[in-house]
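Understanding the architecture of this molecule
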Amino acid sequence: VNHIVHNGGLYKRPFNEAFEETPMLVAVLTYVGYGVLTLFGYLRDFMRQWKIEKCQNATEREEQKDFVPLYQDFENFYNRNLYMRIRDSWNRPICSVPGAKVDMMERVSHDYNWTFTYTGRVIKDIINMGSYNYLGFAQNAGACQEAAAKVLSQYGAGVCSTRQEMGNLDKHEELEKLVARFLGVESAMAYGMGFATNSMNIPALVGKGCLILSDELNHASLVLGARLSGATIRIFKHNNMQSLEKLLKDAIVHGQPRTRRPWKKILILVEGIYSMEGSIVRLPEVIALKKKYKSYLYLDEAHSIGALGPSGRGVVEYFGLNPEDVDVMMGTFTKSFGAAGGYIGGKKELIDYLRTYSHSAVYATSMSPPVVEQIITSVKCIMGEDGTTIGRARVQQLAENTRYFRRRLKEMGFIIYGNEDSPVVPLMLYMPAKIGAFGREMLKRNIGVVVVGFPATPIIESRARFCLSAAHTKEMLDTALKEINEVGDLLQLKYSRRRLVPLLDRPFDETTYEETED
């Protein structure tokens, strides 16, 4: 399904997203593949039970057989018989900076991925297409590294206290003021962990008697935070404004179950860029609904801050909206800024409340000073406050790389999900056997990729996920594209029935194309 919204109405720019339907034959063959794997899994479990095959999975001890089971054997069926076969595609040990190129320690398995042995060899200069290094700040040289090293020598690595006790440094205060300026909000607060920024702050904002309306593809941290809050949770279809509006109408008309009292608060949870789909939230429509039905909006900009907008200020700037229209602006420093931690921005009353009531603020140790300095230096670079235009150039380079890479993959005939401006690029693999095969074949060609399958995606929508970076040169992208094209032919991954015709005279950063029928 193609979603194309032209200028006018709520949108000030074209909004192009594509989610091509899974071809029927591919869907059938994918289900057949999982069926065959399941049958062989049961056969192998039978052989392990009768000691015909060596059993290496965790089991209950013999003397505990009559106890209430601590370990459910069937729960591990998928891990044991499907995931284990392709486990070498994950947890690969990197031994360098996660920049545009990485070094990887070679490992081998002699027991079908149950255990790994290191060979001692290091595979050099693998093109890194998997890290969230959107603006290329993951580096061990340059202004950020020098500033962090200087702060390390002055403050040390750890703080050994919480912000409310002895762990509130001048650097933390400086960071929060800078982030608030960068976002265009009254105040901001920084946290040491991005995941905990969501999971520990949502329970501080809503509770029993409140309603959370959550996108069905929201990140696990948002899901956990919603569940911990004790609020009622209702799910709307991904980026579907009709579904969201129906839930809002029902919530206001019917109120709480049984009592029919009005909800204390209604909080809408959305992400800026969805990390598995590559889609961008329809923020102008969400804000219009939020205002119409008097609810609150919580926006998770983990993947969009730094990566979208003319000056990297995220999805709010991308759509030309007012930051004040978003009640809670959340984001992380782990991606575009090459650091760690997260932040929440908004009105001063909100931030003052969270400083007192957020578990992540009260009980967690403060952020490490060198990490804080890495964020400060990178944010100043993006804002141009370091006296250079490097930051702005990186944001523009990322946008060019994204459009070029997405367009070339579509021209080759792959099914690519998401928005044309999203640096998260899912390439659909579908079949379980092709998950491991794609990861291995790309590594053979010195390209590091992330492959994703069930349960992180729907069972028939396995994919490879590329993350573009401003640090990628055109030569690197062309090398990666050449190898992806080759592996795509080898594994027969070119499923698209809407192949694009390349225009030979088109400049590098343009995205206009013609569509032809198969």
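Residues numbered from 1 in each chain as written. Predicted model: local features only at pLDDT ≥ 70, side-chain atom pairs only at ≥ 80, totals over all residues. Heavy atoms only, no water.

**Notes on the overall build of the protein**
So the rule is basically this: A helix here means a DSSP run of H or I that spans at least four residues, while a strand means a run of E at least two residues long, and both kinds are numbered starting from the N terminus. For a compact globule the rule gives 2.2 Å times the number of residues to the power 0.38, and the radius of gyration it is set against comes from C-alpha atoms. Only protein chains enter the accessibility calculation, which uses a 1.4 Å probe; a residue is then buried when its area is under 20% of its type maximum, exposed when over 50%, and partly exposed in between. Note on contacts: a residue pair qualifies if any of its non-hydrogen atoms lie within 4.5 Å across the two residues. All accessibility values rest on the Shrake-Rupley procedure with a 1.4 Å probe; residue burial counts only the protein chains present in the view. Positive charges are assigned to Lys and Arg, negative charges to Asp and Glu, while His and the chain termini are left out of the count. In this description, the location of a charge corresponds to atom NZ of lysine, CZ of arginine, CG of aspartate or CD of glutamate.
Helix and strand counts for the protein stand at 15 helices and 18 strands. For 518 residues, the compact-globule estimate of 2.2 N^0.38 gives 24 Å, and the protein sits close to it at 24 Å. In terms of its C-alpha atoms, the protein occupies a principal-axis envelope of roughly 70 × 65 × 55 Å. The buried share of the protein, taken over its 518 residues, is 53%. Considering only contacts within the protein whose residues lie at least 6 apart along the sequence, 69% involve residues at least 24 apart. With an accessible surface of roughly 24400 Å², the protein has 56% of that area assigned to carbon and sulfur atoms. Seen as two clouds, the 63 positive and the 59 negative side-chain charges of the protein have centres 3 Å apart.

**Considerations on the packing of aromatic side chains**
As a reminder of what qualifies: Pairing of aromatic rings covers Phe, Tyr and Trp, the last through its six-membered ring, and needs centres within 6.5 Å; plane angles under 30 degrees mean stacked, over 60 mean edge-to-face, and all others mean tilted. Here, a charge over a ring means that NZ of Lys or CZ of Arg falls within 6 Å of the ring centre while also lying within 35 degrees of the ring normal.
Per the counting criterion, the structure on display carries 17 aromatic pairs. Residues F405 and F466 carry aromatic rings whose centres are separated by 5.5 Å and whose planes lie at 75° to one another, so their mutual orientation is edge-to-face. Taken together, the residues F405 in helix α13 (residues 390-412) and F466 in strand β16 (residues 462-467) connect sequence positions 61 residues apart. Here F405 and F466 have matching classes, each one buried. Members of the aromatic cluster, joined through ring pairs, are Y11, F15, Y318 and F319. A cation over an aromatic ring shows up here: R107 above the ring of F116, its NZ or CZ 4.1 Å from the ring centre. Directly above the ring of F137 sits R394, whose terminal nitrogen or CZ lies 4.5 Å from the centroid.

**Comments concerning the pattern of salt bridges**
Applicable threshold: By definition here, a salt bridge exists when the distance from a side-chain nitrogen of Lys or Arg to a carboxyl oxygen of Asp or Glu is within 4 Å.
Scanning all chains against the criterion turns up 33 salt bridges. In this structure, the salt-bridge partner of R48 is D45, at a minimum N-O distance of 2.8 Å. A residue pair is termed a helical-turn pair when its members lie 3 or 4 positions apart in one helix, as R48 and D45 do in helix α1 (residues 24-49) at three residues. Assessed through its relative accessible area of 6%, R48 is described here as buried.

**Looking at the state of the cysteines**
Defined as follows: In this description, the term disulfide denotes a pair of cysteine sulfurs within 2.5 Å.
Throughout the structure, instances matching the rule amount to zero disulfides. The thiol sulfur of C144 is not disulfide-bonded, and the nearest other cysteine sulfur, from C381, lies at 6.3 Å.

**Thoughts on the environment of Q145**
Inspection of the secondary structure puts Q145 in helix α3 (residues 143-155). A relative accessible area of 31% places Q145 in the partly exposed class. Sequence separation between Q145 and T377 is 232 residues, and the spatial gap between their C-alpha atoms is 9.1 Å. Once residues lying within four places of it in the same chain are set aside, the contact partners of Q145 are Q139, N140 and Q374.

**Considering the sheet that holds strand β5 (residues 187-191)**
Note the following rule: For two strands to be treated as a pair, DSSP must find at least two bridges joining them. With axes taken as lines fitted to C-alpha atoms, and helix axes fitted only over the stretch in contact, angles between N-to-C directions fall between 0 and 180 degrees.
Ordered by their spatial adjacency, seven strands build an open sheet running β5-β11-β10-β9-β8-β6-β7, and the pairing between neighbours is mixed. Edge positions in the sheet fall to β5 and β7 (232-236), since each has one partner strand and no second. Direction aside, neighbouring strands of the sheet carry axes that sit 20° apart on average. Pairing analysis gives four bridges linking strand β6 (residues 211-215) to strand β8 (residues 266-271), with the strands arranged parallel. Considered in β8, the bridge of L213 is made with I268. Across the sheet, helix α6 (residues 220-229) touches β6, β7, β8 and β9 (296-300), and the angle it forms with β8 is around 165°.

**Description of the packing of helix α5 (residues 194-205) against α6**
Cut-off, in case you're wondering: Oblique is the label for any angle not under 35 degrees, not over 145, and not in the 65 to 115 range, which are roughly parallel, roughly antiparallel and roughly perpendicular in turn. Working rule for handedness: look at the near helix, and if it is turned counterclockwise from the far one by less than a right angle, call the crossing left-handed; if clockwise, right-handed. Side-chain classes are defined by residue name, with Ala, Val, Leu, Ile, Met, Phe, Trp, Tyr, Cys and Pro counting as nonpolar, Asp, Glu, Lys and Arg as charged, and the others, Gly among them, as polar.
One way to put it is that α5 packs onto α6 with a least axis distance of 7 Å and a crossing angle of 25°. Relative to α6, α5 is oriented roughly parallel. Of the two possible hands of crossing, α5 and α6 adopt the one that is right-handed. Facing α5, whose interface residues are F195, N198, S199, M200, I202 and P203, α6 presents A220, S221, L222, L224, G225, A226, L228 and S229. For the contact of α5 with α6, the per-class residue count stands at nine nonpolar, five polar and no charged.

**So, the nonpolar core**
Inclusion rule: Throughout this description, the term nonpolar core refers to a set of buried Ala, Val, Leu, Ile, Met, Phe, Trp, Tyr and Cys residues connected via side-chain atoms within 4.5 Å. Where a domain begins and ends is set by an automatic assignment or by a domain database.
Within the largest apolar cluster, 105 residues are counted, with the highest numbers of intra-cluster contacts made by M129, F405, L409, F438 and F466. Both domain 1 (20-128 + 388-497) and domain 2 (143-383) contribute no fewer than three residues apiece to this core. Discounting chain neighbours no more than four positions away, the residues touching F405 are M129, V425, F466, L468, L477, L481 and I484. Membership of the second largest hydrophobic core comes to 21 residues, among which are V206, I212, L269 and I351.

**Some thoughts on helix α10 (residues 348-357)**
Rule in force here: It is the directions from the helix axis to the C-beta atoms that the arc portrays.
Listing the buried residues of α10 in full gives L350, I351 and L354. With its buried residues spanning 95° around the axis, α10 presents them on a single face. Against the buried residues of α10 lie β5, α5, β10 (328-332), β11 (342-346) and α11 (359-362).

**What about the UniProt feature "transmembrane region" (unreviewed entry) in the protein?**
The cut-off we apply is this: UniProt positions are given in the numbering used here, feature names are shortened, and annotations may be inferred rather than shown by experiment.
In this structure's numbering, the residues bearing the UniProt feature "transmembrane region" (unreviewed entry) are residues 24-43. Split by type, residues 24-43 is 100% helix and 0% strand. Its first and last C-alpha atoms lie 29 Å apart.

**Some remarks on the packing of α3 against helix α12 (residues 369-383)**
The packing of two helices is summarised by the inter-axis angle and the distance between the axes. Relative orientation of the contacting elements α3 and α12 amounts to 150°, with a least axis distance of 8 Å. Helix-helix and strand crossings are classified by hand; for α3 and α12 the assignment is right-handed. Here A143, C144, Q145, A147, A148, V151, L152 and Y155 of α3 come into contact with α12, specifically with P369, P370, E373, Q374, T377 and S378. In terms of residue class, the contact of α3 with α12 is made up of nine nonpolar, four polar and one charged.

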